[in-house]
Amino acid sequence: MIENSASKLLNGDTCLRTSNGKKSGRNGFVKKHCLHQQQKCHRPKEVSHIVGHNAVLYNKPFVESFEETPLLVAVLTYMGYGILTLFGYLRDFLRHWKIEKCRVASERDEQKDFVPLYQDFENFYTRNLYMRIRDNWNRPICSVPGAKMDVVERVTHDYNWTFEHTGTVLKNVINMGSYNYLGFAENTGPCADSAAEATVKYGVGVSGTRHEIGNLDKHEELEKLVARFLGVESSMAFGMGFATNSMNIPSLAGKGCLTLSDELNHASLVLGARLSGSTIRVFKHNNMQSLEKLLRDAIVHGQPRTHRPWKKIVILVEGIYSMEGSIVRLPEVIALKKKYKAYLYLDEAHSIGALGPRGRGVVDYFGVDPHDVDIMMGTFTKSFGASGGYIGGKKELIDYLRTHSHSAIYATSMSPPVAQQIITSMKCIMGEDGTTLGQERLRQLSENTTYFRRRLHEMGFIIYGNENSPVVPLMLYMPAKIGAFGREMLKRNIGIVVVGFPATPIIESRARFCVSAAHTKDMLDTALNAISEVGDLLQLKYSRRTRLSDDEEADHLSYLVSYED
Amino acid sequence: MDVKNLCDYLGWLYYQYLLITGIYVLEPWEKSIFNTVLFTMVAMVVYTSYVFVPIHVRLALEFFSGLFRSHLSISAN
Ligand SMILES: Cc1ncc(COP(=O)(O)O)c(C=O)c1O
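Small disclaimer: the values here were computed from a predicted structure and weren't measured.

Criteria and thresholds
- Residues numbered from 1 in each chain as written.
- Chains lettered and ligands numbered in written order.
- Predicted model: local features only at pLDDT ≥ 70, side-chain atom pairs only at ≥ 80, totals over all residues.
- Heavy atoms only, no water.
- Contact = heavy atoms within 4.5 Å.
- Buried area = accessible area lost by both parts, 1.4 Å probe.
- Salt bridge = Lys/Arg side-chain N within 4 Å of Asp/Glu carboxyl O.
- Polar contact = N/O pair within 3.5 Å; in protein donor to acceptor, adjacent residues only side chain to side chain.
- Helix = DSSP H or I, 4+ residues; strand = E, 2+ residues; numbered from the N terminus.
- Near = heavy atom within 4 Å.
- Areas by Shrake-Rupley, 256 points an atom, 1.4 Å probe, with all protein chains shown as cover.
- Nonpolar A, V, L, I, M, F, W, Y, C, P; charged D, E, K, R; others polar.
- Buried < 20%, exposed > 50% of the residue type's maximum accessible area, 1.4 Å probe, protein only.
- Pairing = 2+ DSSP bridges.
- UniProt positions renumbered as here; feature names shortened; annotations may be inferred.
- Core = buried A, V, L, I, M, F, W, Y, C linked by side-chain atoms within 4.5 Å.
- Axes fitted to C-alpha atoms, helices over the stretch in contact; angles between N-to-C directions.

Taken together, the 23 residues of chain A in the interface contact 18 residues of chain B. A combined buried area of about 1,800 Å² lies between chain A and chain B, and 68% of that area is made up of carbon and sulfur atoms. When the buried area of chain A at its contact with chain B is split by residue, Phe87, Tyr159 and Ala480 of chain A rank highest and sum to 28% of it. Joining chain A to chain B, the criterion identifies three salt bridges. The closest approach of N and O atoms between Glu30 of chain B and Arg91 of chain A, which form a salt bridge, is 2.8 Å. At the junction of chain A and chain B, the tally comes to five residue pairs in polar contact (both at pLDDT 80 or more). Where the side of chain A that touches chain B is concerned, the elements lending two or more residues are helix H2 (71–96), helix H15 (479–491) and helix H16 (521–538) of chain A.

Laid out in structure tokens, this is it:
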């Protein structure tokens, strides 16, 4: 419990966002992130930056908004944290003097004179703040996490220190939290059938690596298909998305290389960059000026002290940032990468399948050439309803990775039914199964996204991110509201994900909805009504922008409206 | 009917207070400590203002009226 409190606030799937401080250790980095975030005081202030001077690079309006935190709300949020911290100290005091039973790990008596293990802020936070609203996370569900799911009911009699299952199941909870963008997480239909067939034919376990007797025809088929889907020469599939990043970046970069990483990159990218031993510099989230400055400095000054040129400069970015709902400014990144001759590593974990007219990720969304991205990485966990990750690119790159990547050499290869699920769902998206189901799902997803975002915006919530991103963060800010929002929504039979520190900056707690193609309009309306009701109850409609900038947004809205019917 | 509305409203206000101060997530005994401390502080502020403000106001009034009167007497001369 103690060792990984960083990831706790997220429903198990751990999108912990960290800045890549070079030296900080395993526990240090989260804190660092938080400080970092506070200093820089959030992202480019004022709102919708509808493409700046680089508009020529875009083939469509790029509307992304991060409304500023209202001052009063920020002050009250800090006050709330202050009060909770005071009570945290009180409880720690009681625990220390054995007035209250200590239920968390603490130093043993014989360790008392060593460096304290459980006294840093993170442990304090876990013990005294996270624990109080822990019932919102790690909730067991007992059905396929499709558009609706069944949730196991739990109760606690000791304020979230332990949970008991009551034995009842909350049926048909609307699922607004799974990354099930295209709705392929299902237990019926062609994907499930073909996966079942594959199980009958191959079994589930492979018990060998790709280099040994774990290289099935299914894997080869999958890789060919992925390459075709992405429009790249060659591709390679791995059994785990996280390991795809964290184990492959070290084989691509090393000492003497420079990694430029977005400050909000996923933990797997951060870990990969650290493991590679390359020098890491962090640029501001999606901020091209910041990236350009780093690139220019890197080229002008070279490596520190020796001033030799860097061996390689690798830019690490994600397609959709899963905590902000923002989309990478890919055309600008590509322009910069070409100008300064750097390499680009694009993690499409959330965007593959979810963006673009043909569902082929941000590359498709912006209509850029896949060959301009050197390393296309993505996962099968989200849109394809399976598991694992891939890397696509030039044949030389993939051949190199096949022999050098740790997750190819040392890890058991992907389970055949999983591979089959990916193949079937990908073919469905590509329309190669002879139906238009895939296209319909894509269209449904983009309609749902637009509708959901527009309604939330109209209700007066502060929502972050790009208008086309199916990840919709809704700002909650105050610590008590994180707990209250999750509980109230579940009472209304809607399952959501709420996120707080350390996954977000301390005052920017949020609820994160993931829109899916499997959601029907009815479900979305039910969810939206519940959100509105809870929003009124908890006073969450912070946005001051709904009325204010109607003119400014008129054309943007008309664009949305034309989309709707 | 009105009483019920008022009760609802007060309940809502209390809920907002819980959420904004963050004590929504605390255990009942901690809530009561917080409420007690806050209540005591507010009560003390109110009480001190009740006790001392009138005195200060009177003193101030006396001071100014004294000034005024002496001013008057000066101008009478
Ligand atoms: C950007 C990004 N990369 C990688 C991963 C890890 O993928 P997986 O869950 O398949 O291990 C995630 C998962 O949340 C992600 O968001």
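The next point concerns the site of the ligand. Residue and element names in this part refer to chain A. In the vicinity of the ligand there are 13 residues, among which Phe242, Asp347, His350, Thr381 and Lys382 approach most closely. Note that an oxygen atom of the ligand is positioned 2.9 Å from one of the side-chain N or O atoms of His350. Protein chains shield 90% of the accessible area of the ligand, which is 390 Å² for the free molecule. Residues of the shell around the ligand, tallied by class, amount to three nonpolar, seven polar and three charged.

Moving on, we get to the pairing of strand S10 (residues 389–393) of chain A. Residues and elements named next belong to chain A. Summarising burial for S10: five of the five residues are buried, a large majority. On S10, burial covers both faces: Gly389, Ile391 and Gly393 on one face and Tyr390 and Gly392 on the other are all buried. Summarising the sheet, strand S4 (residues 234–238) and S10 pair through five bridges and their orientation is antiparallel. Bridge pairing links Ala237 to Tyr390 in S10. Judged from the five bridges that link them, strand S9 (residues 375–379) and S10 form a sheet pairing that is antiparallel. The residue bridging Gly378 from the neighbouring strand is Tyr390, located in S10.

As a further point, take the UniProt feature "transmembrane region" (unreviewed entry) in chain B. Residues and elements named next belong to chain B. Feature annotation in UniProt places "transmembrane region" (unreviewed entry) on residues 9–26 and 32–53, given in this structure's numbering. Overall, residues 9–26 shows 72% helix and 0% strand. The separation of its end C-alpha atoms is 22 Å. As a span, residues 32–53 carries 100% helix and 0% strand, and end to end its C-alpha atoms are 30 Å apart.

The next point concerns the nonpolar core. Residue and element names in this part refer to chain A. Counting residues in each nonpolar core, the largest one holds 130 residues, and the members touching the most others are Ile315, Leu330, Phe380, Phe452, Leu456, Phe485 and Phe513. Here this core gets eight residues from one element, more than from any other, and that element is H16. Discounting residues that sit within four places of it in the chain, Ile315 has contacts with Leu260, Phe283, Leu291, Leu295, Val333, Lys337, Ala342, Tyr343, Leu344 and Tyr345. Counting residues in each nonpolar core, the second largest holds 19 residues, with Leu269, Leu316, Met377 and Ile391 among its members.

Residue and element names in this part refer to chain A. Read from one edge of the open sheet, three strands run S2-S3-S13, paired in mixed fashion. The outermost strands of the open sheet, each flanked by one partner alone, are strand S2 (148–155) and strand S13 (494–495). Summarising the sheet, S2 and strand S3 (residues 164–175) pair through six bridges and their orientation is antiparallel. Residue pairing in the sheet places Val155 in a bridge with Glu164 of S3.

Let's shift gears to the sheet that holds strand S12 (residues 471–475) of chain A. Hydrogen bonding along the main chain pairs the strands of a sheet, whether they run parallel or antiparallel. Residue and element names in this part refer to chain A. The three strands are arranged S12-S15-S14 in an open sheet whose pairing can be described as antiparallel. The sheet is open, and its two borders are formed by S12 and strand S14 (497–499), each paired with just one other strand. With direction set aside, neighbouring strand axes in the sheet form an average angle of 30 degrees. As judged from the five bridges shared by S12 and strand S15 (residues 510–514), these two strands associate in the antiparallel manner. Bridge assignment links Pro473 to a residue of S15, and that residue is Arg512.

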